[in-house]
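Close look at the chain arrangement
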Amino acid sequence: MTDPIKLYPAKPEKVYFFATCLVDLFYPDAGMAGIQLLEREGIEVLFPQGQTCCGQPAFSSGFNDQARDVVIPQLELFPGDYPIVVPAGSCGGMMRKHYPELFAGTPWQDKAENLAARTWELTDFLLNVCHIRLEDQGEPVKVAMHTSCSARREMGVAEVGPRLLGQLGQVELVEQARPAECCGFGGTFAVRHPEISEAMVADKTEALVAAGAETVVATDCGCMMNIAGYAEKNRRPLKGQHIVSFLWERTCGHGGEGKA
Amino acid sequence: MSLAPHSQEVRHFHPRVRSALDNPQIRSNFRNAMDGLMSKRQNAFNGWDLESLRDLGAAVRLRALSRLPELLEQLEDNCSRQGIRVHWAETGEQACEIIRDICKARDARTVIKGKSMVSEEMELNHFLEAEGIEALESDLGEYIVQLAKETPSHIIMPAIHKNTAEISELMHDRTGTERSHDVAYLTAAARQQLREKFMKADVGISGVNFAVAQTGTLCLVENEGNGRLTTTVPPCHIAVTGIEKVVEHLEDVTPLLALLTRSATGQHVTTYVNMISGPRKADEFDGPEEVHLVLVDSGRSSIYQDQELMDTLRCIRCGACMNHCPVYTRVGGHAYGTTYPGPIGKILMPHLMGLENTQDLPSASTLCGACGEVCPVRIPIPKLLQRLRKESVDGDSLRPSVVRGHGVKRNWKERLAWNGFRWLFRNPRRYRLFGSLLTRFRWFTPSQVGPWTRYRTSPKPAAKTLHQMMNERTRGGAR
Amino acid sequence: MTAARTAILQRLRAGRGNQPLSPPASDFSVVRDRDWTTAEKLERFETMITSVNGEVHRVAEDRWVDHLWALMAAKGLTNLLASPETSVGREAWTRQRESGPRLRAYDSPIDDWKPELFNNVDAALTGCRGAIAETGSLILWPTVQEPRLMSLVPPVHFVVLGADQIYATFYQALAEQGWADLGMPANALLISGPSKTADIEQTLAYGVHGPRELVVLILE
Ligand code: SF4
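Under an unreviewed UniProt entry, chain B has the name L-lactate dehydrogenase complex protein LldF and belongs to Marinobacter zhejiangensis.

Per an unreviewed UniProt entry, chain A goes by L-lactate dehydrogenase complex protein LldE and derives from Marinobacter zhejiangensis.

1. Some details on the side chain of Gln66 of chain A
Here Gln66 of chain A shows up in helix α4 (residues 64-74). Since its relative accessible area comes to 3%, Gln66 of chain A is described here as buried. Sequence-distant contacts of Gln66 of chain A, defined by excluding residues within four places in its chain, comprise Ala58 of chain A together with Trp418, Asn419 and Arg422 of chain B.

2. Focus on the interface of chain B and chain A
Contact residues are listed per partner, giving 72 residues for chain B and 75 residues for chain A. When the area that chain B buries against chain A is broken down by residue, the three leading residues are Trp418, Tyr455 and Leu466 of chain B, summing to 11%. Linking chain B to chain A there are 10 salt bridges. Here chain B is connected to chain A by 36 residue pairs in polar contact (both at pLDDT 80 or more). Counting residues per element, the side of chain B that touches chain A draws most heavily on helix α20 (residues 412-425) of chain B, which supplies 7 residues.

3. As for the UniProt feature "domain: Cysteine-rich" (unreviewed entry) in chain A
Residues and elements named next belong to chain A. This chain's UniProt record puts "domain: Cysteine-rich" (unreviewed entry) on residues 15-96 and 143-227. Regarding residues 15-96, the helix share stands at 51% and the strand share at 11%, and the terminal C-alpha atoms are separated by 16 Å. Its end C-alpha atoms 14 Å apart, residues 143-227 is made of 48% helix and 14% strand.

4. Describing helix α5 (residues 68-81) of chain B
Residues that lie three or four places apart on an α-helix share one face, since the helix turns once every 3.6 residues. Compared with an ideal rise of 1.5 Å per residue, which puts 14 residues at 20 Å, α5 of chain B spans 20 Å between its outermost C-alpha atoms and is within 8% of the ideal. Buried residues of α5 of chain B: Leu68, Pro69, Leu71, Leu72, Leu75, Glu76, Asn78 and Cys79 of chain B, and no others. The inward-facing, buried residues of α5 of chain B contact α4 (50-66), β1 (84-89), β5 (210-212), β8 (246-247) and β10 (290-296) of chain B together with α1 (2-16) of chain C. At the C-terminal side of α5 of chain B, Gly83 of chain B shows a positive phi close to 100°.

5. Topic: the layout of surface pockets
Here the second largest pocket defines a volume of roughly 1100 Å³. Elements with a minimum of two residues in the lining of the second largest pocket: α3 (24-44), α7 (117-121), β6 (217-222), α12 (226-232) and α13 (253-265) of chain B together with α3 (38-51) and β10 (196-197) of chain C. Looking at the lining of the second largest pocket, its residues break down into 19 nonpolar, 20 polar and 9 charged.

6. Quick look at the domain arrangement of chain B
As far as domains go, chain B holds domain 1 (10-302) and domain 2 (412-478). Taken over C-alpha atoms, the centre of domain 1 of chain B sits 53 Å from the centre of domain 2 of chain B.

7. Examining the pattern of salt bridges
All names here are of chain B. Counted under the stated rule, the structure contains 67 salt bridges over all chains. Here Arg63 and Asp252 are joined by a salt bridge, their closest N and O atoms 2.9 Å apart. Note that Arg63 is positioned in helix α4 and Asp252 in the loop between β8 and α13, a separation of 189 residues in sequence. Its relative accessible area of 0% is what places Asp252 among the buried residues.

8. Digging into the nonpolar core
Residues Ile99 and Leu293 of chain B are the most contacted members of the largest nonpolar core, which totals 144 residues. Broken down by element, the residue count for this core peaks at 7 residues, all from α13 of chain B. Judged by nonpolar contacts, the second largest core, of 65 residues, contains Val85, Ala213, Ala218 and Met224 of chain A.

9. Topic: the pairing of strand β9 (residues 187-191) of chain C
Burial runs high along β9 of chain C: 5 of the 5 residues are buried. Burial along β9 of chain C is two-sided: Asn187, Leu189 and Ile191 of chain C facing one way and Ala188 and Leu190 of chain C facing the other are all buried.

10. Quick notes on empty space enclosed by the protein
Following the criterion strictly, the structure yields 6 cavities of 30 Å³ or more and no others. Counted as a void, the largest cavity has a volume near 150 Å³. As for the largest cavity, its lining consists of 15 residues, and the residues nearest its centre are Thr254 and Ala258 of chain B together with Glu134, Thr135 and Phe170 of chain C. Put simply, the parts of the chain that give the lining of the largest cavity at least two residues each are α13 of chain B together with α7 (170-177) of chain C. In terms of residue class, the lining of the largest cavity is built from 9 nonpolar, 4 polar and 2 charged.

11. Here's the deal with the sheet that holds strand β7 (residues 156-162) of chain C
Residues and elements named next belong to chain C. Strands sit in the order β1-β12-β7-β4-β2-β3 across an open sheet of 6 strands; the sheet is parallel. Single-partner strands in this sheet number two, and they are β1 (55-59) and β3 (102-104). Along the sheet, successive strands turn relative to each other by an average axial angle of 25°, direction set aside. Inspection of the sheet shows β1 paired to strand β12 (residues 213-219) by 5 bridges, in the parallel sense. Across the sheet, the residue bridging to Val59 is Leu219, located in β12. Together, β1, β2 (79-81), β3, β4 (123-126), β7 and β12 form the strand contacts of helix α4 (residues 64-75), whose direction differs from that of β12 by roughly 160°.

12. What to know about the domain arrangement of chain A
Residues and elements named next belong to chain A. By the assigned domains, chain A splits into domain 1 (14-128) and domain 2 (141-252). On the side of domain 2, 26 residues touch domain 1, which itself brings 30 residues to the contact. Summed over both partners, the interface of domain 1 with domain 2 buries about 2200 Å², with 68% contributed by carbon and sulfur atoms. Contact with domain 2 buries surface across domain 1, with Tyr27, Thr123 and Leu127 losing the most and accounting together for 24% of the total. Where domain 1 meets domain 2, there are 0 salt bridges. Across the domain 1-domain 2 interface, the total number found is 8 residue pairs in polar contact (both at pLDDT 80 or more). Mapped onto the side of domain 1 that touches domain 2, the elements with two or more residues apiece are α1 (21-25), α2 (28-40), α5 (89-103), β4 (119-121) and α7 (122-128).

13. A short note on the interface of chain C and chain B
Listed per partner, the contact involves 74 residues of chain C and 98 residues of chain B. When the buried surface of chain C facing chain B is broken down by residue, Asp199, Ile200 and His209 of chain C rank first, second and third, together holding 11% of it. Inspection of the region where chain C meets chain B yields 6 salt bridges. The salt bridge involving Arg11 of chain C is made with Glu90 of chain B; its shortest N-O contact spans 3.0 Å. Counting across the chain C and chain B interface gives 36 residue pairs in polar contact (both at pLDDT 80 or more). Broken down by secondary-structure element, the contributors of at least two residues to the side of chain C that touches chain B are α1, α2 (29-32), α6 (110-120), α7, α8 (179-182), β9 and β10 of chain C. At 11 residues, the largest contribution of residues to the side of chain C that touches chain B is made by α1 of chain C. Across the side of chain C that touches chain B, the residue classes break down as 42 nonpolar, 18 polar and 14 charged.

14. Looking at the sheet that holds strand β7 (residues 236-242) of chain B
Residues and elements named next belong to chain B. In spatial order, the strands read β1-β10-β7-β4-β2-β3; together these 6 strands make up an open sheet with parallel pairing. Two strands close off the open sheet at either side, each with one partner strand: β1 and β3 (134-137). On average, each strand axis in the sheet is tilted by 25° relative to the strand beside it, whichever way the strands run. Examined bridge by bridge, strand β4 (residues 203-206) and β7 share 4 bridges and lie parallel to one another. Residue pairing across strands places Ser206 opposite Ala239, the latter belonging to β7.

15. What about unusual backbone geometry?
Residues and elements named next belong to chain B. Residue Asp107 is not a glycine yet carries a positive backbone phi of 60°. Tracing the chain through its elements places Asp107 in the loop between α6 (92-105) and β2 (110-113). Accessibility expressed as a relative area gives 64% for Asp107, which makes it exposed. Positive phi, close to 50°, is recorded for Asp394, a residue that is not glycine. Summarising the element assignment, Asp394 is placed in the loop between α19 (381-393) and α20.

So, how was this worked out
Residues numbered from 1 in each chain as written. Chains lettered and ligands numbered in written order. Predicted model: local features only at pLDDT ≥ 70, side-chain atom pairs only at ≥ 80, totals over all residues. Heavy atoms only, no water. Helix = DSSP H or I, 4+ residues; strand = E, 2+ residues; numbered from the N terminus. Buried < 20%, exposed > 50% of the residue type's maximum accessible area, 1.4 Å probe, protein only. Contact = heavy atoms within 4.5 Å. Buried area = accessible area lost by both parts, 1.4 Å probe. Salt bridge = Lys/Arg side-chain N within 4 Å of Asp/Glu carboxyl O. Polar contact = N/O pair within 3.5 Å; in protein donor to acceptor, adjacent residues only side chain to side chain. UniProt positions renumbered as here; feature names shortened; annotations may be inferred. Expected span 1.5 Å × (residues − 1). 1 Å grid on protein atoms, 1.4 Å probe; cavity = no way out; pocket = protein on both sides within 12 Å on 5 of 7 lines; lining within 4 Å. Points joined across faces, edges and corners; volume = space filled by probe spheres on them. Nonpolar A, V, L, I, M, F, W, Y, C, P; charged D, E, K, R; others polar. Domains from an automatic or database assignment. Core = buried A, V, L, I, M, F, W, Y, C linked by side-chain atoms within 4.5 Å. Pairing = 2+ DSSP bridges. Axes fitted to C-alpha atoms, helices over the stretch in contact; angles between N-to-C directions.

Here it is, written out as structure tokens:
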């Protein structure tokens, strides 16, 4: 009943990149940073133009029919036997953990299971498959890490972000109180239960500020949008950045990309 | 069902949430308590192979459930042989009636109670009082809650929503206890008040943590000793339990006990593990002359009909899922308006009360998974929440909904929204067109988007979508 | 309520229907296997039970009664409930002192002397069926000679435990003593420390309903 142990593949020649709709429409720089990091590791990145959304918003709201209909055409987008890399724990979790459930007993079951087994969270892939080595070229900075709940619990990558940041000499990773606690985003939860969501994101933001972080580096754009959006509205001194934007920026000298 | 007073309350989830969130006392009482409980739990499992232990806990519970009807019969046989009288109740109300009849047959006027969540579920105290039988709670937390005429806000620590000052004031008002912030003093006062009651009580009523089929043994786990007094001093003991609490063998108790106390309060073991297998024997000098076991169904056998939802029945009521729940920590137990609050309440109450009465509960979660991560018997709580959301909106035509009150959240507006979502995202060309329009008119996107922007700014669409960037790259010949 | 019984069992059987469940095997090694020596078990037992406010005294086998009298004097306890018929109780009875605590036996049904037991007994002395190192628990099976309330109502409970009577885990105790095969007594107990509560704002308080003090005399 324990989750099966993850077996990392050998570093492949090619990967598919599944950007997620949030990255595509709002934070494409994070997607581009991810793609460039992969390419710098010598991997050819295939970006199927037919990709849209992983279907999770509908699925987690209970609208499985609608979720399935969104996913079905996309099951055909990854014909080659390459890993599918996703810059989000939550969409990655949807694909890896929930596609098999969603399609169990349907004609798409095999395809869904095959896709699920090939899905990797991007930072996990960079660290544990590419064995990436990062060389910091930025100024000293204090950041905190927010690993999304799905990255942490569904994809099991809680250790990955801090280890990647640990490779950066000038980056001080500060520890906030209750790092494993949810930021209160939860997709449609933030709209269905705005009061509870606010109480959660307020606590999260204050914990990050209290830890002395200038920037919160996040595995998922959803959480980043939530925390940074709260900080901005309430004038708290905290910026948000997707972790791959941050890593790319620190190791290439490009500034300001993908910031929220 | 005797759940009517509750079901009224559940409908008012949002207002109760608002008032809990606005109450700094509630916020800090829960935050402090939950922080303490989380770290105690973590320490208690130090040096354990926790994942194997959870595997074993889940396996033991699953095995019991897989043979549930047989084990209940075996439990009944063994209990009866040892002199414990076994009763069956389909509903909470039936269980109340059985207990009343036992009390009436003994001319009982006063009943003393050990902690029992099932009795809360069936609102036994109200029922008995209406019948002229005084029912007094003896667990200190339950006693406090009863003095305040409230319901428990946590399944393990019923009075966790109150601080010492509030409790001191309450005990002063209701029992004349001198005001004090000395917990030892307040505890000693309650001990004195309750000892008198123990001596006089005609009947003791307790819950059960595990009922062992193989030996006909009822296991009760507690720290205070009130459970032992309840089951030893009065001449009649009635144990009341949900039918799912049965386990097969005596050794099955060992992993569950190890998991229960550590998960609940971070204790390696509770002060007392009380194993009862019969009434006082002819030559014995204490113990109850009569022992009854009331097995309550109250919706459980319907959960049992569904292999996925059945996982809910594995629960050993440790409360760890609440202690780790970021929503429960913010709003506290009373906001839920259900006997069992927190994650376990959200997956259990819809079965006991019907989804029509627990409308807002399945959605009141970020699906962060903290509950499932700590559950000692590996109940996949987030997955069950998702399942109940689906049931609430009848959202899966491949697997028709079955839970009572399913479809209660179905409404045309939301359906329309998700149909729109489908229309947009199932067609890549349509989606790309949408993306390019969104980027082109990015400065025209509204800065107010419903509840989201009440507390946050809303992000602006990017100048170019990743689709566009990658498309240009390909056409530009770069790889 | 046989109608309810039939209905419940029927629903359960129907629910399971044609999809029998096959639970995974139960591997108990995680709660069973500990390779602690006798000394380690003793050590562990003592650490665990003292961590929850239990009091432990290791005493020589022939000196424990004297030690008991000294403890009682120090705690200001004037009477002791002890069985004249158990081996532990008999020793206390035979070696009682003129100036020492008054002994009394639990020799009539509780119904006859409830107020006396609840209000006037200072302490009780019992033996036990062994202990569990892992959790610091004493195993008691109350008997006709040492009834259930002895370990519950008096404010102080003294327990005599042989140093060689300690099992590593609850699982081992159950298995080696063969509980399931023996048949369970009307009441069996694990006792780990004095009665306590944390129901008021997570603050520990001892002696809420049961004994305030639990004193273990380990005979070496
Ligand atoms: S669901 Fe799991 S964690 Fe929650 S009370 Fe039940 S056993 Fe404990």
